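Residues per chain, in single letters:
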Amino acid sequence: MSLYRDDGVVLRTLRLGEADRIVTLMTKGHGKVRAVAKGVRRTKSKFGGRLEPLSHVALLCWQGRELDIVNQAEVQDTFRAVREDLARVAKAYTLLEVVDQLAQERHANSRLYDTLLGALHALEDDDPPLLVPAFCLKVLALEGSTPVLGECVSCGAAADLVAFDLVEGGVLCRSCRRGRAVSAGALELVRRILGGGLASALAEPPGPFTTEVTDLATEAMEVHLDRRLRSLRSSPTA
Ligand SMILES: [Zn+2]
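Residues numbered from 1 in each chain as written. Predicted model: local features only at pLDDT ≥ 70, side-chain atom pairs only at ≥ 80, totals over all residues. Heavy atoms only, no water.

A. Representation of the coordination of the zinc ion in the model. Taken together, the protein ligands of the zinc ion are Cys-152 (SG), Cys-155 (SG), Cys-173 (SG) and Cys-176 (SG), with distances of 2.3 Å. Coordination of the zinc ion draws on donor residues from a single chain, spaced C-x2-C-x17-C-x2-C in sequence. Here the residue Cys-152 occupies a position in the loop between helix 4 (131-142) and strand 6 (161-165), and Cys-176 occupies one in the loop between strand 7 (170-173) and strand 8 (180-181), the gap between them amounting to 24 residues. Take Cys-176: its relative accessible area is 14%, and that puts it in the buried class. (Donors = N, O, S within 2.8 Å, 3.2 Å for Na, K, Ca; no water. Helix = DSSP H or I, 4+ residues; strand = E, 2+ residues; numbered from the N terminus. Buried < 20%, exposed > 50% of the residue type's maximum accessible area, 1.4 Å probe, protein only.)

B. Here's a closer look at the sheet that holds strand 4 (residues 56-62). A barrel is described by the order of its strands in space; here five strands give the closed sequence 1-2-3-5-4, paired in mixed fashion. Direction aside, neighbouring strands of the sheet carry axes that sit 50° apart on average. As judged from the eight bridges shared by strand 1 (residues 3-16) and strand 2 (residues 20-27), these two strands associate in the antiparallel manner. What sits directly across from Leu-16, in strand 2, is Asp-20. With respect to the sheet, helix 2 (residues 86-102) is in contact with strand 1, strand 2 and strand 3 (32-37), its orientation differing from that of strand 1 by roughly 110°. Across the sheet, helix 3 (residues 110-125) lies against strand 1, strand 2, strand 4 and strand 5 (68-77), angled at about 65° from strand 1, the strand it touches most. (Pairing = 2+ DSSP bridges. Axes fitted to C-alpha atoms, helices over the stretch in contact; angles between N-to-C directions. Contact = heavy atoms within 4.5 Å.)

C. Seen up close, the pattern of salt bridges. Counted under the stated rule, the structure contains 14 salt bridges. Here Arg-180 ties to Glu-219 by a salt bridge, and the two come within 2.2 Å at their closest N and O atoms. In this pair, Arg-180 sits in strand 8 while Glu-219 sits in helix 7 (residues 208-225), placing the two residues 39 residues apart along the sequence. The class for Arg-180 is partly exposed, based on a relative accessible area of 25%. Residue classification places Glu-219 among the partly exposed positions, given a relative accessible area of 31%. A salt bridge links Glu-204 to Arg-192, with the nearest nitrogen and oxygen atoms 3.3 Å apart. Here Glu-204, found in the loop between helix 6 (198-202) and helix 7, pairs with Arg-192, found in helix 5 (residues 184-194); they are twelve residues apart in sequence, far enough to count as distant. Judged by relative accessible area, Arg-192 falls into the partly exposed class, the value being 21%. Each member of the salt-bridge network shares a partner with another, and the members are Arg-12, Lys-32 and Asp-100. (Salt bridge = Lys/Arg side-chain N within 4 Å of Asp/Glu carboxyl O.)

D. Summary view of the nonpolar core. Counting 55 residues, the largest nonpolar core has Leu-116 and Met-221 as its most contacted members. Apart from residues lying up to four places away in sequence, Leu-116 is in contact with Val-9, Leu-11, Met-26, Leu-95, Leu-96, Val-99 and Phe-135. By size, the runner-up hydrophobic cluster in this structure holds 15 residues, among which are Tyr-4, Phe-47, Val-57 and Leu-59. (Core = buried A, V, L, I, M, F, W, Y, C linked by side-chain atoms within 4.5 Å.)

E. Quick peek at unusual backbone geometry. Not every positive phi belongs to a glycine, and Leu-54 is a case in point at roughly 95°. In this structure, Leu-54 sits in the loop between strand 3 and strand 4. Residues other than glycine seldom take positive phi values, yet Asp-160 does so here, at roughly 60°. The residue Asp-160 is located in the loop between helix 4 and strand 6 in this model.

F. How the structure looks around the pairing of strand 4. Across the seven residues of strand 4, five count as buried, placing the element largely inside the fold. Strand direction decides the pairing type here: strand 1 and strand 4, joined by seven bridges, are antiparallel. Paired with Asp-6 across the bridge in strand 4 is Leu-59. The pairing of strand 4 with strand 5 spans seven bridges and is antiparallel. Note that in strand 5 the partner of Leu-59 across the bridge is Ala-73. Between the antiparallel neighbours strand 4 and strand 5 lie five residues.

G. Highlighting the confidence of the model for the protein chain. When pLDDT is averaged along the protein chain, the result is 92; 96% of the residues meet or exceed 70. Counting contacts from residues 234-238, a segment whose pLDDT is below 50, to residues more than four positions away or on other chains yields one contact. (pLDDT = per-residue confidence, 0-100.)

H. Representation of a nonpolar patch on the surface. A surface patch of nonpolar side chains, amounting to about 310 Å² of accessible area, comprises Met-1, Leu-3 and Trp-62. Positionally, Met-1 belongs in the segment before strand 1. Assessed through its relative accessible area of 64%, Met-1 is described here as exposed. (Patch = residues over 30% accessible without salt bridge, like charges linked within 9 Å, V, L, I, M, F, W, Y side chains within 5 Å. Areas by Shrake-Rupley, 256 points an atom, 1.4 Å probe, with all protein chains shown as cover.)

Here you go:
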């Protein structure tokens with residue numbers, strides 16, 4: 001077996017036997033990795049509490065056939081402010097869930113990794129209303145699923161864009177309208193998120209447009225993943 005170093009964020013953990021855990025991580029250089037942390041559930045474990053979901057760690061692992069083995073783990077960041085705030089924890093878990101669904105095992109995707117880490121740091125500093133939706137839209141763009149936003153996806157009209165349809169893949173004008181209604185304010189926010197204005201979008205206070213963008217981005221991600229995001233929905237929907 002060969003030994004490798006990498007940086008990773010713990011996505012989830014699963015009990016294994018009496019004292020061990022299988023830790024699923026998103027790493028910078030090896031994509032999604034599942035590794036056994038031996039003795040991690042013992043009180044005197046050399047890993048302490050370092051391999052909990054959300055932790056950013058520097059790893060030394062043995063590469064195995066299916067599961068790797070964690071040899072060392074050093075904490076880079078625990079995201080303490082996130083952990084101490086239930087609302088932010090829920091958001092962070094949504095990011096982890098999305099990455100867990102999208103990342104492929106042992107297939108490096110450093111842009112997805114960097115996007116996750118950037119979002120976690122932004123969440124550690126603050127609680128921007130558009131953090132999760134912006135993350136979802138950015139990640140969809142990385143996946144090559146950027147919605148068409150500049151013109152009607154059906155007829156090409158550039159004005160009077162009033163609807164958004166995920167099946168069509170973007171916005172629609174008044175005569176082609178289909179899918180959900182979308183306001184000009186929400187569209188402007190989505191364009192900012194995807195067009196280099198992320199920081200200003202994240203500084204946006206909560207309001208009807210941020211709610212609209214949240215619904216739209218959630219739906220877009222759910223359609224892409226073909227499943228509902230457990231941690232994202234604060235209230236049950238019909
Ligand atoms: Zn049209």
